[in-house]
Amino acid sequence: MSEVIWGLATSHVPSIGAAMDRGMTADPVWSPLFEGYAPAREWLARNKPDVAILVYNDHANGVDMDIVPTFALGTAERYRVADEGFGRRPVPDVEGDPDFSFHLLRHLMDDGFDLTVFQELDVDHGFTVPLSVWTPEPGGAWPCPVVPIVVNVIQYPQPTAARCYALGQALGRAIAAYEGAGTVGILGTGGMSHQLAGARAGFINPEFDHMFLDAIEEDPGKLAALTREDFIREAGAEGIELIMWLVMRGAMNERVRRVHRAYHVPASNTAAGLALFDNRPGPSA
Ligand code: DHB
Ligand code: FE
């Protein structure tokens, strides 16, 4: 039996990683964002899981746009940091956990989710920025092995929010049935409201984002009922990345304890949010 001990939801804006890599986190433009992360990072440093699952989307960096799986899972021993055109970020490659990956794959398939398999995968900012939000100074390695779950949020038709939530619930059952790990952390990434191109480029909707931050904690079913058109209208074309937070939330208990939450506008042209939940009943670290 393995247990999800925490869930971390965070934006993955590439400039957040660039600000860290270039030592700019104390600059006035960046310090409010990074100060907002501090309590979550301190708690996470005290609550290291044996293994983590990171739900993210590739941005046509590690995966060719000709073949876009709706849901996929990595089974590799290592995942290289992708070169997105400016060289690889100076952060460690990611150690995987093939045994855990194969367990999840089998269990999810038997539970009605036929995931595509990546035996090899370069991970882009969608993956490495959340790792940096969690662990700003990883040294030679990230805190634990990480299994990627990849969601299509970039090519129409994206999966529904309801299907993402149901995938998370199946993931929760699969994790609970795993004998090989003890504690698991799960990250749901992307968002918050943003639109990078077109007539509404720069669109940010703090009212929607705050509603989402409330509901992801207390009423995820309400978010699972949103259509992809709702997301795009209310959160911008790329704001639909938020469906990935529902995979994380589905894997957690109905009631969770919020450890920390932060919201900052803007990081580049994007609203950046973070929410950290403890999944263990009763008082903890
Ligand atoms: C940007 C890219 C992203 O993938 C994202 O989710 C938010 C912002 C950007 O290029 O600024
Ligand atoms: Fe993105």
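It should be emphasised that the depicted structure is a prediction, and the values quoted were computed from it without experimental measurement.

Calculation criteria
- Residues numbered from 1 in each chain as written.
- Chains lettered and ligands numbered in written order.
- Predicted model: local features only at pLDDT ≥ 70, side-chain atom pairs only at ≥ 80, totals over all residues.
- Heavy atoms only, no water.
- Salt bridge = Lys/Arg side-chain N within 4 Å of Asp/Glu carboxyl O.
- Helix = DSSP H or I, 4+ residues; strand = E, 2+ residues; numbered from the N terminus.
- Buried < 20%, exposed > 50% of the residue type's maximum accessible area, 1.4 Å probe, protein only.
- Pairing = 2+ DSSP bridges.
- Axes fitted to C-alpha atoms, helices over the stretch in contact; angles between N-to-C directions.
- Contact = heavy atoms within 4.5 Å.
- Donors = N, O, S within 2.8 Å, 3.2 Å for Na, K, Ca; no water.
- Parallel < 35°, antiparallel > 145°, perpendicular 65-115°, else oblique.
- Left-handed = near helix turned anticlockwise from the far one by under 90°.
- Nonpolar A, V, L, I, M, F, W, Y, C, P; charged D, E, K, R; others polar.
- Lys, Arg positive; Asp, Glu negative; His and termini not counted.
- Polar contact = N/O pair within 3.5 Å; in protein donor to acceptor, adjacent residues only side chain to side chain.

Trainee: Tell me about the pattern of salt bridges, residues and numbers included.
Mentor: Considering all chains together, one arrives at eight salt bridges under this definition. The salt bridge involving aspartate 278 is made with arginine 257; its shortest N-O contact spans 3.4 Å. Taken as a pair, aspartate 278 in strand β11 (residues 270-278) and arginine 257 in strand β10 (residues 257-267) lie far apart in primary sequence, 21 residues in all. Arginine 257 gets classed as partly exposed once you look at its relative accessible area, which sits at 34%. Residue arginine 280 is joined to aspartate 278 by a salt bridge in which the shortest nitrogen-to-oxygen separation is 3.1 Å.

Trainee: Explain the sheet that holds strand β7 (residues 122-123) to me, and be specific about the residues and the numbers.
Mentor: Pairing within the open sheet is mixed, and its three strands lie in the order β5-β4-β7. Two strands lie at the open edges of the sheet, namely β5 (94-95) and β7, each paired on one side alone.

Trainee: Please set out the sheet that holds strand β2 (residues 51-56) residue by residue, giving values where relevant.
Mentor: The strand order β6-β3-β8-β2-β9-β1-β11-β10 describes an open sheet built from eight strands, whose pairing is mixed. Each edge of the sheet is formed by a strand with only one pairing partner; in this case those strands are β6 (116-118) and β10. The average angle at which neighbouring strand axes cross in this sheet is 20°, direction not considered. Bridging between strand β3 (residues 71-74) and β6 involves three bridges; their strand directions are parallel. Bridge pairing in β6 links glycine 74 to phenylalanine 118. Together, β10 and β11 form the strand contacts of helix α6 (residues 206-218), whose direction differs from that of β10 by roughly 165°.

Trainee: With reference to specific residues and values, describe the coordination of the iron ion (ligand 2).
Mentor: Ideal geometry at a metal centre: 109.5 degrees between donors when four sit tetrahedrally, and 90 or 180 degrees when six sit octahedrally. In the first shell of the iron ion (ligand 2), the protein supplies His12 (NE2), His59 (NE2) and Glu241 (OE), at 2.1 to 2.2 Å from the metal. Between consecutive donors of the iron ion (ligand 2), the numbers of intervening residues give the motif H-x46-H-x181-E. Remark: histidine 59 occurs in the loop between β2 and β3 and histidine 12 occurs in the loop between β1 (3-10) and α1 (14-21); sequence separation between them is 47 residues.

Trainee: Just give me the short version of the packing of α1 against helix α4 (residues 125-134), but keep the residues and values in it.
Mentor: α4 packs onto α1 with a crossing angle of 55° between their chain directions and a minimal axis gap of 9 Å. Of the possible angle classes, the one that applies to α1 and α4 is oblique. Helix-helix and strand crossings are classified by hand; for α1 and α4 the assignment is left-handed. From α1, Pro14, Ile16, Gly17 and Met20 reach across to α4, where they touch His125, Val129, Ser132 and Val133. Looking at the contact of α1 with α4, its residues break down into five nonpolar, three polar and no charged.

Trainee: Go over the side chain of aspartate 58 with me, naming the residues and quoting the values.
Mentor: Here aspartate 58 lies in the loop between β2 and β3. In this structure, aspartate 58 is buried with no salt-bridge partner, the nearest side chain bearing the opposite charge being arginine 88 at 11 Å. For aspartate 58, the side chain forms a polar contact with the main-chain nitrogen of alanine 60, separated by 2.9 Å. A polar contact is formed between the side chain of aspartate 58 and the backbone nitrogen of valine 63, at a distance of 3.1 Å. In this structure, aspartate 58 is in contact with Val63, Asp122, Asp124, Val150 and Ile154, ignoring residues within four places of it in sequence.

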